[in-house]
Amino acid sequence: MSLEAMNRPGAPVTKMAKIGLWGATSSGKTTFLAALYVAANQSQGKWNIIGVDQPSVDFLVDNTQILTKERRFPSKTEGIQEYSWTIMGETERVVKHRWRKRTESVPLHFQLDLIDASGRLFRGKEKDRAEEISEELEDIELDFDDPAESVGESGDAFDRLVNHLTECDGIVYLFDPLRENKDGDEFHYFQQALQNVTHRCMQNGRLAGRHLPHYLAVCITKLDSPKVFHTAHRRGYLTFDPDDPYLFPRVREDKAEDLFRELCHLSPTRSALQVHDAIKTSFAPERVRYFATSAVGFYLSPTATRFQASSFQNVIPHPTQPGEYTIRGDIHPINVLEPLLWLGQVTRR
Ligand SMILES: Nc1nc2c(ncn2[C@@H]2O[C@H](COP(=O)(O)OP(=O)(O)O)[C@@H](O)[C@H]2O)c(=O)[nH]1
Ligand SMILES: [Mg+2]
């Protein structure tokens, strides 16, 4: 569209944003994307999301069904999946007439090109062989039809992932404090990709001073899980949105980074604290924002009209399959759409 046409009253503002998803295995990347349609639907008509191509349409349709009807989590991601969605809403725009200016509401369209990569790719090429074998065994156990990737293939896929992240305007980085507590290897995952992306940006002349050019939305995932929820509650970080009819708790916007640090301190190895430092070193402070998110949100009993702190858990152990989890009720995503809207608004193509 020409600039003149774009400035015509009523013409939609269209922005293209290339957003990457970054996070360790099981940090919640796929579930976060899977909850997008429900998140847009619950925005009370403000936002809508549609797939740009058939796989992206199918992903939203299938995963909405999985989360809301089958009440289970999406399957493990294999390799790299690419999706492209348009988020549609409205924005205010100042229109200049010859003598005066006025504000009008115009449609706002973001095109989001996203990739969701298998978490193991974030580990990079140099793997401990013993670890690799155990991961392959894990894959085989989960999916008999899918041959385990060879080291060479995973190296190529890692290069693609680094290339993609390098070219993105914005990155959603998902951090799961529970997983970090267990494995304590978050910094290893993070640094591996960060160093490679920084190196690639330097080669391409895209470093802005010492910072990467990217905007970064750091998302603490699984706010609904007891450990994260209780930590946020104990520290007095919780609030609610008065426009939310169910008054679900949220973390105060200015406290999400403090919660991140708080949760990092809980990890026995403190490796995640180094992630916080690395973010400060590599990204311009005004380009980083923290969010406390939950893809499934808190439980709401069918008879309740409001959130009840006495019964908040929406993810419970599966009654018959040991080690599996199931979703107890309807999902109410928290801060799933918001990081993308923020990135869509601040990044421009
Ligand atoms: N409590 C809770 N658990 C979640 C949430 N999202 C994901 N999970 C759990 O984390 C697991 C891994 O999520 P997944 O999206 O597959 O992670 P990925 O490997 O980063 O794509 C899921 O199977 C769930 O058990 C959430 O919003 N809340
Ligand atoms: Mg996944």
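Keep in mind the model is a prediction, meaning the values are calculated, not measured.

Q: Just to check I follow, could you spell out the packing of helix α8 (residues 186-203) against helix α11 (residues 271-282) for this structure?
A: How two helices sit against one another is set out by the angle between their axes and by the gap between those axes. Axis separation between α8 and α11 bottoms out at 7 Å; the angle between their running directions is 25°. On the basis of the axis angle, α8 is roughly parallel to α11. When α8 is examined against α11, the residues E186, F187, F190 and L194 are found in contact with a partner set consisting of S271, A272, Q274, V275, A278, I279 and S282. Taken together, the residues of the contact of α8 with α11 sort by class into 7 nonpolar, 3 polar and 1 charged.

Q: Explain the packing of aromatic side chains to me, please; I cannot follow it from the model alone.
A: Working definition: an aromatic ring pair is given by the centre-to-centre distance plus the angle between the planes. Counted according to the given criterion, the structure contains 17 aromatic pairs. When the ring of W22 is compared with that of Y173, the centres are 6.0 Å apart and the planes differ by 70°; the resulting orientation is edge-to-face. Separated by 151 residues along the polypeptide, W22 in strand β1 (residues 13-22) and Y173 in strand β5 (residues 170-175) bring together distant segments of the chain. For the residue pair W22 and Y173, the accessibility class agrees, reading buried in each case.

Q: Please explain the nonpolar core as it appears in this structure.
A: As a rule of thumb, nonpolar side chains are buried together in soluble globular proteins. By size, the foremost hydrophobic cluster in this structure holds 53 residues, and its most contacted members are W22, Y173 and I279. No other element matches the 7 residues that α8 contributes to this core. Apart from the residues within four sequence positions on either side, I279 is in contact with Y173, F190, L216, V218, V288 and Y290. Residues A34, L108, V336 and W342 belong to the second largest nonpolar core, which totals 42 residues.

Q: How do you make sense of the confidence of the model for the protein when you look at a structure like this?
A: The predicted coordinates ought not to be read in detail in places where the model reports low pLDDT. On average, the protein scores 85 in pLDDT, and the residues at 70 or more come to 87%. Low pLDDT, under 50, characterises residues 128-151; the stretch is placed with 21 contacts to residues that sit more than four places away or in other chains.

Q: It is not clear to me how the environment of Y215 should be interpreted in this structure. Could you clarify?
A: Position of Y215 relative to the elements: it lies in strand β6 (residues 215-220). The exposure class assigned to Y215 is buried, which follows from its relative accessible area of 16%. For Y215 and L343, which are 128 residues apart along the polypeptide, the C-alpha to C-alpha distance reads 6.9 Å. With residues up to four places along the chain from it excluded, the contact list for Y215 reads D169, G170, I171, R287, W342, L343, V346 and T347.

Q: What is the right way to read the side chain of D224 from this model?
A: The topology assignment puts D224 in the loop between β6 and α9 (226-234). There is no salt bridge for the buried D224, and the closest opposite charge comes from K222, which lies 8.4 Å off by N-O distance. Within the structure, the side chain of D224 is placed 2.7 Å from the side chain of S294, a separation counted as a polar contact.

Q: Explain the layout of surface pockets here, please?
A: Take a probe with the size of a water molecule and roll it over the atoms, and the empty space left behind shows itself. Counted as a void, the second largest pocket has a volume near 1000 Å³. As for the second largest pocket, its lining consists of 34 residues, and the residues nearest its centre are Q42, S43, D241, R250 and E338. Contributions of two or more residues to the lining of the second largest pocket are made by β7 (238-240), β8 (249-251), β9 (288-292) and α12 (337-346). In terms of residues, the lining of the second largest pocket owes the most to one element, α12, which gives 5 residues. Considered class by class, the residues forming the lining of the second largest pocket number 18 nonpolar, 7 polar and 9 charged.

Q: Would you explain the packing of helix α10 (residues 256-266) against α11 in this entry?
A: The interhelical angle for the contact between α10 and α11, taken along N-to-C directions, is 145°, at an axis separation of 7 Å. Residues E257, F260, R261, C264 and H265 of α10 pack against A272, L273, V275, H276, D277 and K280 of α11. Partitioning the contact of α10 with α11 into residue classes produces 5 nonpolar, 2 polar and 4 charged.

Q: So what exactly am I meant to see when it comes to the coordination of the magnesium ion (ligand 2) here?
A: Reference values for coordination geometry: four tetrahedral donors around a metal ideally subtend 109.5 degrees, six octahedral donors ideally subtend 90 or 180 degrees. Bound to the magnesium ion (ligand 2) on the protein side are T30 (OG1) and T77 (OG1), at distances that span 2.1 Å. In this pair, T30 is assigned in helix α2 (residues 29-34) and T77 in the loop between α4 (54-68) and β3 (80-96), connecting sequence segments 47 residues apart. With respect to class, T30 is no different from T77; both count as buried.

Q: Can you help me understand the pattern of salt bridges in this one?
A: Between side chains of opposite charge, pairing is possible as soon as their charged atoms come close. Inspection of the entire model under this criterion finds 15 salt bridges. A salt bridge links R160 to E82; the shortest N-O distance between them is 3.0 Å. Here the residue R160 occupies a position in helix α6 (residues 151-167), and E82 occupies one in strand β3, the gap between them amounting to 78 residues. Across the pair E262 and R235 runs a salt bridge whose closest N-O atoms are separated by 3.4 Å.

Q: Could you clarify how one ought to interpret the site of ligand 1 in this entry?
A: Close to ligand 1 lie 15 residues, the nearest being S26, K29, T30, T31 and D224. Within the backbone of S26, an N or O atom sits 2.8 Å from an oxygen atom of ligand 1. In the model, a nitrogen atom of ligand 1 is placed 2.7 Å from a nitrogen or oxygen of the D224 side chain. Within the complex, 84% of the 580 Å² of free accessible area of ligand 1 lies under protein. For the shell around ligand 1, the element with the highest residue contribution is α2, accounting for 3 residues. Residue classes in the shell around ligand 1 are distributed as 5 nonpolar, 7 polar and 3 charged.

Rules behind the numbers
Residues numbered from 1 in each chain as written. Chains lettered and ligands numbered in written order. Predicted model: local features only at pLDDT ≥ 70, side-chain atom pairs only at ≥ 80, totals over all residues. Heavy atoms only, no water. Axes fitted to C-alpha atoms, helices over the stretch in contact; angles between N-to-C directions. Helix = DSSP H or I, 4+ residues; strand = E, 2+ residues; numbered from the N terminus. Parallel < 35°, antiparallel > 145°, perpendicular 65-115°, else oblique. Contact = heavy atoms within 4.5 Å. Nonpolar A, V, L, I, M, F, W, Y, C, P; charged D, E, K, R; others polar. Phe/Tyr/Trp six-rings, centres within 6.5 Å; stacked < 30°, edge-to-face > 60°. Buried < 20%, exposed > 50% of the residue type's maximum accessible area, 1.4 Å probe, protein only. Core = buried A, V, L, I, M, F, W, Y, C linked by side-chain atoms within 4.5 Å. pLDDT = per-residue confidence, 0-100. Lys, Arg positive; Asp, Glu negative; His and termini not counted. Salt bridge = Lys/Arg side-chain N within 4 Å of Asp/Glu carboxyl O. Polar contact = N/O pair within 3.5 Å; in protein donor to acceptor, adjacent residues only side chain to side chain. 1 Å grid on protein atoms, 1.4 Å probe; cavity = no way out; pocket = protein on both sides within 12 Å on 5 of 7 lines; lining within 4 Å. Points joined across faces, edges and corners; volume = space filled by probe spheres on them. Donors = N, O, S within 2.8 Å, 3.2 Å for Na, K, Ca; no water. Near = heavy atom within 4 Å. Areas by Shrake-Rupley, 256 points an atom, 1.4 Å probe, with all protein chains shown as cover.

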